2 protein chains.
Amino acid sequence: MAADSFELSAFLPYRLNRAAEFVALRFAAQYKARYQLTRPEWRTLAALGSTGRPMTATEVGTHSAMHKTKVSRAVAALEERRWLTRSEDEGDRRLEHLQLTKAGAGAYGELTALAASYQAELDALIGPTGMQALAVGLHAVERAIGKLERRAARET
Amino acid sequence: MAADSFELSAFLPYRLNRAAEFVALRFAAQYKARYQLTRPEWRTLAALGSTGRPMTATEVGTHSAMHKTKVSRAVAALEERRWLTRSEDEGDRRLEHLQLTKAGAGAYGELTALAASYQAELDALIGPTGMQALAVGLHAVERAIGKLERRAARET
DNA sequence: GCATAATAGTTGCAATCGTAACTATCGATT
DNA sequence: AATCGATAGTTACGATTGCAACTATTATGC
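What you see is a predicted model, and the numbers here were worked out from it, not measured in a lab.

**Brief notes about the overall build of chain A**
The helix and strand tally for chain A stands at 5 helices and 2 strands. Order of helices (α) and strands (β) in chain A, N terminus to C terminus: α-α-α-α-β-β-α. The C-alpha atoms of chain A give a radius of gyration of 19 Å, which is well past the 15 Å a tight globule of 156 residues would have. Here chain A, with 156 residues, has 36% of them falling under the buried criterion. Sequence separation of at least 24 residues holds for 47% of the intrachain contacts in chain A that already meet a minimum separation of 6.

Written out as structure tokens, the structure is:
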């Protein structure tokens, strides 16, 4: 890419961001309207619901790629709503194990159904060929991110 | 995707967002460190620089997919820095044409070089096969977004 | 040609976010 | 066992954000 022919719309960070923003916002509109959930709250719920077993806040953050302050606030909100409970680890009292309540698990189930039908809608719009290519491409990006993270870790 | 096997990490909005966030943040770190530019400022600069001709704030917003208040604030900051000037449209006095100054164009050139070398770094990390797949996949997503936007426009 | 709607751009305000600092606890070193 | 560093989680604070309301101007409908 020559300097004088730079096109923002061909720049990978820009393209990825635009696609991600659009796709995420459309789904966010659904769970915000139905449950008044914020994005960090939905992600925390999804992290806890997908494994089914208790997790610590740090694990939630790793699993869902969120900053720990976001997780902390989302956990407080979900606890307030009685969708999850905390329990102290007996061996290490810094840790707290987060677990969905019945109500939380129920909400997770409903949101999961919403997510699945959204993904199906995207599948249909994008088409099998595009979807396949996207999966391969995203996988390559994820590998690249992994490399960079390990490189950064070594340099620390 | 059955409801009981939902995995956040396989959900398209999540995967796209994670990839986009990571890739964008690494580049943002570069122009923030060197120029103290915010992301909306860099995008506005890139929009104006890439075409070379004057644009209105609305055009900048469309071109770079930013909310108009973001554009408004970015334009004010870039004007303060004397990287762009505004001129009123004579036919329609609601419009203002934005144009880079010499200094703005110079900065754009340097940032463009940074962007190009970042893109090259990503190319190398992701590899030609992954990059090709990603391009095809993103293109399919962009078409899908276009469809949805047109559908939404019709329903208005 | 007057009223109403639409558009360009700005700004007040409340909510959200990340950084950095903080508390509390644990592990390692000596 | 006392100290120092690392880790889990929370919070105060400044910065950023988007919504909604606002001004100014132009287009439209009657």
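Structure shown, so let's carry the discussion forward.
**A closer look at the packing of helix H3 (residues 57-64) of chain B against helix H4 (residues 68-80) of chain B**
All names here are of chain B. At a closest axis distance of 9 Å, the pairing of H3 and H4 adopts a crossing angle of 115 degrees. Two packed elements cross with a definite hand, and for H3 against H4 that hand is right-handed. Facing H3, whose interface residues are Ala 57, Thr 58, Val 60 and Gly 61, H4 presents Lys 68, Val 71, Ser 72 and Val 75. Considered class by class, the residues forming the contact of H3 with H4 number 4 nonpolar, 3 polar and 1 charged.

**Here's the deal with the environment of A:Val141**
Topologically, A:Val141 is positioned in helix H5 (residues 102-154). Of the residues examined, A:Val141 has 25 C-beta atoms within 10 Å and is grouped as buried. Not counting chain neighbours up to four residues away, the residues in contact with A:Val141 comprise B:Ala19, B:Ile126 and B:Leu134.

**Quick notes on the protein's contact with DNA strand C**
Within the structure, DNA strand C sits among 19 residues, and B:Thr56, B:Ala57, B:Thr58, B:Ser72 and B:Arg94 are positioned closest to it. Elements represented by at least two residues in the surface near DNA strand C include exactly helix H2 (39-51) and helix H4 (68-80) of chain A together with H3 and H4 of chain B. Examining the composition of the surface near DNA strand C, we find that 4 residues originate from one element, H4(B), more than from any other. Split into classes, the residues belonging to the surface near DNA strand C amount to 4 nonpolar, 7 polar and 8 charged.

**Focus on the relation of the copies chain B and chain A**
Rotating chain B by 179 degrees about the axis while translating it 0.0 Å along that axis superimposes it on chain A, leaving an RMSD of 0.1 Å. Within this description, the copies of the chain are treated as partners about a two-fold rotation axis. Judged by C-alpha distance, B:Ala133 is the residue of chain B that lies nearest the rotation axis, at 2.4 Å. Of the interface residues in chain B, 100% have counterparts in chain A that sit at the interface too, so the contact is made through matching surfaces.

**Comments concerning the interface of chain B and chain A**
If you look at the interface, chain B gives 45 residues, while chain A gives 46 residues. Elements represented by at least two residues in the side of chain B that touches chain A include exactly helix H1 (12-35), helix H2 (39-51) and helix H5 (102-155) of chain B. In terms of residue count, the dominant contributor to the side of chain B that touches chain A is H5(B) (22 residues).

**Observations concerning the nonpolar core**
A general tendency of soluble globular proteins is for nonpolar side chains to be buried together. Ranked by size, the top nonpolar core spans 79 residues in total, and within it A:Leu16, A:Leu45, A:Leu48, B:Leu16, B:Leu45 and B:Leu48 carry the most contacts. Excluding residues within four positions of it along the chain, B:Leu45 makes contact with B:Leu78, B:Trp83, B:Gly104, B:Ala107, B:Tyr108 and B:Leu111.

**Quick word on the protein's contact with DNA strand D**
Looking at DNA strand D, there are 19 residues lining it, with A:Thr56, A:Ala57, A:Thr58, A:Ser72 and A:Arg94 nearest. Those elements giving two or more residues to the surface near DNA strand D turn out to be helix H3 (57-64) and H4 of chain A together with H2 and H4 of chain B. A per-element tally of the surface near DNA strand D places H4(A) first, with 4 residues.

**With respect to unusual backbone geometry**
All names here are of chain A. We note that Arg 82 has phi near 65 degrees; this positive angle belongs to a residue other than glycine. Along the chain, Arg 82 falls in the loop between H4 and strand S1 (84-88). For Arg 82, a count of 11 C-beta atoms within 10 Å gives the class exposed.

**A word on the packing of H2(A) against H4(A)**
All names here are of chain A. The geometry of H2 relative to H4 is characterised by a closest axis approach of 9 Å and an angle of 80 degrees between their N-to-C directions. The angle between H2 and H4 places the two elements in the roughly perpendicular class. Of the residues in H4, those in contact with Pro 40, Glu 41, Thr 44 and Leu 45 of H2 are Lys 70, Val 71, Arg 73, Ala 74, Val 75, Ala 77 and Leu 78.

**A look at H3(B)**
The α-helix advances 3.6 residues per turn, and as a result positions three or four apart in sequence lie on the same side. Residues and elements named next belong to chain B. Looking at H3, one finds that the buried residues are Val 60, Gly 61 and Ser 64. Down the axis of H3, the sector holding all buried residues measures 100 degrees, keeping them to one side. Turning to H3, the residues buried within the fold contact H2, strand S1 (55-56), H4 and strand S3 (96-100). With its phi angle positive at about 60 degrees, Ala 65 sits one or two positions after the end of H3.

Definitions and cut-offs
Residues numbered from 1 in each chain as written. Chains lettered and ligands numbered in written order. Predicted model: local features only at pLDDT ≥ 70, side-chain atom pairs only at ≥ 80, totals over all residues. Helix = DSSP H or I, 4+ residues; strand = E, 2+ residues; numbered from the N terminus. Rg over C-alpha atoms; globule rule 2.2 N^0.38 Å. Buried ≥ 20, exposed ≤ 12 C-beta atoms within 10 Å, placed from the backbone. Contact = placed C-beta atoms within 7 Å. Axes fitted to C-alpha atoms, helices over the stretch in contact; angles between N-to-C directions. Left-handed = near helix turned anticlockwise from the far one by under 90°. Nonpolar A, V, L, I, M, F, W, Y, C, P; charged D, E, K, R; others polar. Near = placed C-beta within 6 Å. Least-squares fit on C-alpha atoms with pLDDT ≥ 70 in both. Core = buried A, V, L, I, M, F, W, Y, C linked by C-beta atoms within 7 Å. Parallel < 35°, antiparallel > 145°, perpendicular 65-115°, else oblique. Arc of directions from axis to C-beta.

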